[in-house]
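Here is how the chains run, residue by residue.
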Amino acid sequence: MQYPKAATSLKLEDMLRRSLWLLALVVVEVPLVLLSALVLLGSFTVGLVPFFPPCVALVRRVTRRTRKLMGIAAPYHPEPPPPVPQADGWYRSDRTLYKTPRIPAWNDRWKWLFGDPATWRDFLWLLLDPVVKLVLAVPLLVLPGHAQRVYGYWAALLLGPTAKSELAGQVRKLSESRTLTVDSQAAEMRRIERDLHDGVQARLVALGMTLGAVEELVRTDPAAAVALLAKAREASAETLVELRGVVRGIHPPVLAERGLGDAVKALALDSPLRTDVEVDLPVRLQTPVETALYFAISELLSNAAKHSGADNVIVDISHTERDVAVMVWDDGGGGADPSRGSGLDGIERRLAAFDGVLALSSPQGGPTTVAMSVPKVLPEEYGKKKNPMPRWQAAVVVFCWSLSWLPLFPQGLVAGVFKTIGFEHRSWFLALYLPDFWQWPAIVGMVSLGMLMYGVALYLPMRHSRERWIAEVSPRRPWFSRC
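Residues numbered from 1 in each chain as written. Predicted model: local features only at pLDDT ≥ 70, side-chain atom pairs only at ≥ 80, totals over all residues. Heavy atoms only, no water.

So, the overall build of the protein chain
To keep things clear, this is the line we draw: The way it works is that DSSP assigns letters per residue, a run of H or I at least four long becomes a helix, a run of E at least two long becomes a strand, and they are numbered from the N terminus. Per-residue accessibility, obtained with a 1.4 Å probe over protein chains only, is compared with the maximum for each type, and a residue is labelled buried under 20%, exposed over 50%, and partly exposed between these values. The Shrake-Rupley method, run with a 1.4 Å probe, gives the accessible areas here. Residue values count only the displayed protein chains as cover.
Looking only at helices and strands, the protein chain features 14 helices and seven strands. Classification of the 483 residues of the protein chain by burial places 34% in the buried group. Of the roughly 28,600 Å² that the protein chain leaves accessible, carbon and sulfur atoms contribute 63%.

As structure tokens, then:
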């Protein structure tokens, strides 16, 4: 089976481009640090409060760009809704009434920005990020992959969502998901009612009228009655076929009896395209999840057959621990756009009920890749970590984390500061006991040793996680080994 190259693999030029973007943001961050300091000082001393929201908006634009580059979720609390007038037409903000919504809206926005911990974490990140990028400037250009992973840990530390913001986001997402689910169920009920009314019900009415005519003709014209009975038998068979189609549209029997994998393989047999299906699921999924994924794959296969002009389709259903991932790839002309009514909105609504997400890559000229992921739908035993880190690597990581501060800070940076200012007290700084010619090389060596130990402590767990992930994914998806 010929698999495509992974659409998610990053090329070297892409990583370099992202490194250049990260370094270019320093040009904006440094002036913004000075502006933020002036605005914060003025807001809390001479009452320049109106300048605080625009300053926060500027900072959030910079952090939003960084989050987009590093793939970090936004941590902000939900934005307050617009003010709603009372029965008398006035707007209330705390204990004060206003004729227009401008002041209540401004007050709500101020409280939202000022009371969100992510706002102050953004300011702290803005203050420290230029220094971090200065340290990582050369690695970002020479070793962009590894340097971006290290920078990603730093960015996620301050720009990532906290437990409270995650909880608020989950509550908001659940509310939206509930609304989407109710709307989807209502639309599905309307579709079933329409299919029954326009198809099965009309055929049953016609069948009843035919049988009534047979009752009138059975004594006067038996031959015509026999002919009408034959037509009634054919109509009943067609009605049964259409009724089975309606039932399959609700919950296909093959899905209920044999599970998602065999149901998708049955879809592949009915597809006019050459469809290859790879399934790696250790157990059957819950019925609602199976149904959502089945109809999502069915919609994608239908789109590929009708609109893409493809000849080949690949469906890959796999899992990583408790998460289920589905990839549907076709070699058509591409150009798929959810805004043009291609059914992708309906798929997203189905997946949203289970916190699932959909990602689309469909450039003009093709190919088209649709990736779907539904988290934590397999039993808990599949979420246990396998292939633990070797003991010697774990010991090296613990050793580096425990002692890397010693050469970096007291024996390196602090000794360098004492050497620079000419502080004569040598204390326990080893480099200061050496001859003058060797003191600075020793200080630089200590700083390099500390940074190296920190790098090893970060690199070994990342390498082990990547090797474990490759070992789990590569046997199921041969195209990954060529990325």
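Some details on the packing of helix α10 (residues 287–308) against helix α11 (residues 344–352)
For the record, the criterion: Convention adopted: a line fitted to C-alpha atoms gives each axis, helices being fitted over their contacting stretch, and angles between N-to-C directions are expressed from 0 to 180 degrees. An angle counts as roughly parallel when it lies under 35 degrees, as roughly antiparallel when it exceeds 145, as roughly perpendicular when it falls between 65 and 115, and as oblique in every other case. Definitions for this section: a left-handed crossing has its near helix turned counterclockwise from the far helix by less than a right angle. A right-handed crossing has that turn clockwise. Throughout, a residue-residue contact means that at least one pair of heavy atoms, one from each residue, lies within 4.5 Å. By the convention adopted, Pro, Cys, Tyr, Trp, Phe, Met, Ile, Leu, Val and Ala count as nonpolar, Lys, Arg, Asp and Glu as charged, and the other residues, Gly among them, as polar.
Packing of α10 against α11 leaves a shortest axis separation of 10 Å and a crossing angle of 165°. By the criterion of interaxial angle, the relationship of α10 to α11 is roughly antiparallel. With respect to the hand of their crossing, α10 and α11 are arranged in left-handed fashion. Each of A292, L293, F295, A296, E299 and L300 in α10 lies in contact with α11, whose residues at this interface are L344, I347, R350 and L351. Across the contact of α10 with α11, the residue classes break down as eight nonpolar, no polar and two charged.

Looking at the pattern of salt bridges
Side chains that carry opposite charge are capable of pairing whenever their charged atoms lie near each other. Stated formally: Basic side-chain nitrogens of Lys or Arg form a salt bridge, by our definition, when they fall within 4 Å of a carboxyl oxygen of Asp or Glu.
Counting across every chain of the model gives nine salt bridges. Across the pair D116 and R60 runs a salt bridge whose closest N-O atoms are separated by 3.7 Å. Here D116 is found in the loop between α4 (102–115) and α5 (117–142), whereas its partner R60 is found in helix α3 (residues 52–70), with 56 residues between them in sequence. Each of the two residues, D116 as well as R60, counts as buried. A salt bridge links R284 to E290, with the nearest nitrogen and oxygen atoms 2.8 Å apart.

Some remarks on the side chain of Q393
Along the chain, Q393 falls in helix α12 (residues 391–403). Under the relative-accessibility criterion, Q393 is labelled buried at 8%. If we ignore the near neighbours within four places in the chain, the residues touching Q393 are L460, R463 and H464.

Digging into unusual backbone geometry
Despite not being glycine, K376 has its phi angle at roughly 55°, a positive value. With respect to the helices, strands and loops of the structure, K376 is situated in the loop between β7 (368–374) and α12. Judged by relative accessible area, which is 61%, K376 ranks as exposed.

Describing the packing of aromatic side chains
Put simply, the rule is: Think of it this way: a Phe, Tyr or Trp ring, Trp meaning its six-membered ring, pairs with another when their centres are within 6.5 Å, and the plane angle makes it stacked under 30 degrees, edge-to-face over 60, tilted otherwise.
Inspection of the entire model under this criterion finds twelve aromatic pairs. Between F52 and F123 the ring centres are 6.4 Å apart and the planes differ by 40°, which places this aromatic pair in the tilted class. You can see F52 sitting in helix α3 and its partner F123 sitting in helix α5, a full 71 residues away along the chain. Here F123 falls in the buried class, since its relative accessible area comes to 10%.

Comments concerning the nonpolar core
For the record, the criterion: Put simply, buried Ala, Val, Leu, Ile, Met, Phe, Trp, Tyr and Cys residues joined by side-chain atoms within 4.5 Å make one nonpolar core.
The biggest cluster of nonpolar side chains holds 34 residues, and the ones touching the most others in it are L293, V315 and M372. Elements that contribute at least two residues to this core include exactly α9 (253–270), α10, β4 (312–320), β5 (323–330), α11 and β7. Top contributing element to this core by residue count: α10, with nine residues. Setting aside anything within four residues of it in sequence, one finds M372 in contact with A296, I297, L300, V324, A325, V326, I347, L351, V357 and L358.

Let's talk about the pairing of strand β6 (residues 357–361)
Formally: Any two strands with at least two DSSP-identified bridges between them are counted as paired.
As paired elements, β6 and β7 share five bridges and run antiparallel to each other. Considered in β7, the bridge of A359 is made with A371. Remark: six residues form the turn of the hairpin made by β6 and β7, two consecutive strands paired antiparallel; G365 in that turn has positive phi of roughly 95°.

Some details on the confidence of the model for the protein chain
Here is the rule we go by: pLDDT is a per-residue confidence score from the predictor, ranging from 0 to 100.
Per-residue confidence for the protein chain gives a mean pLDDT of 79; residues scoring 70 or more make up 86%. Note on residues 1–9: pLDDT is under 50 here. Beyond four places in sequence and across chains, it has 18 contacts. Overall, residues 473–483 carries pLDDT values under 50, and its contacts beyond four positions in sequence, including any with other chains, amount to 24 contacts.

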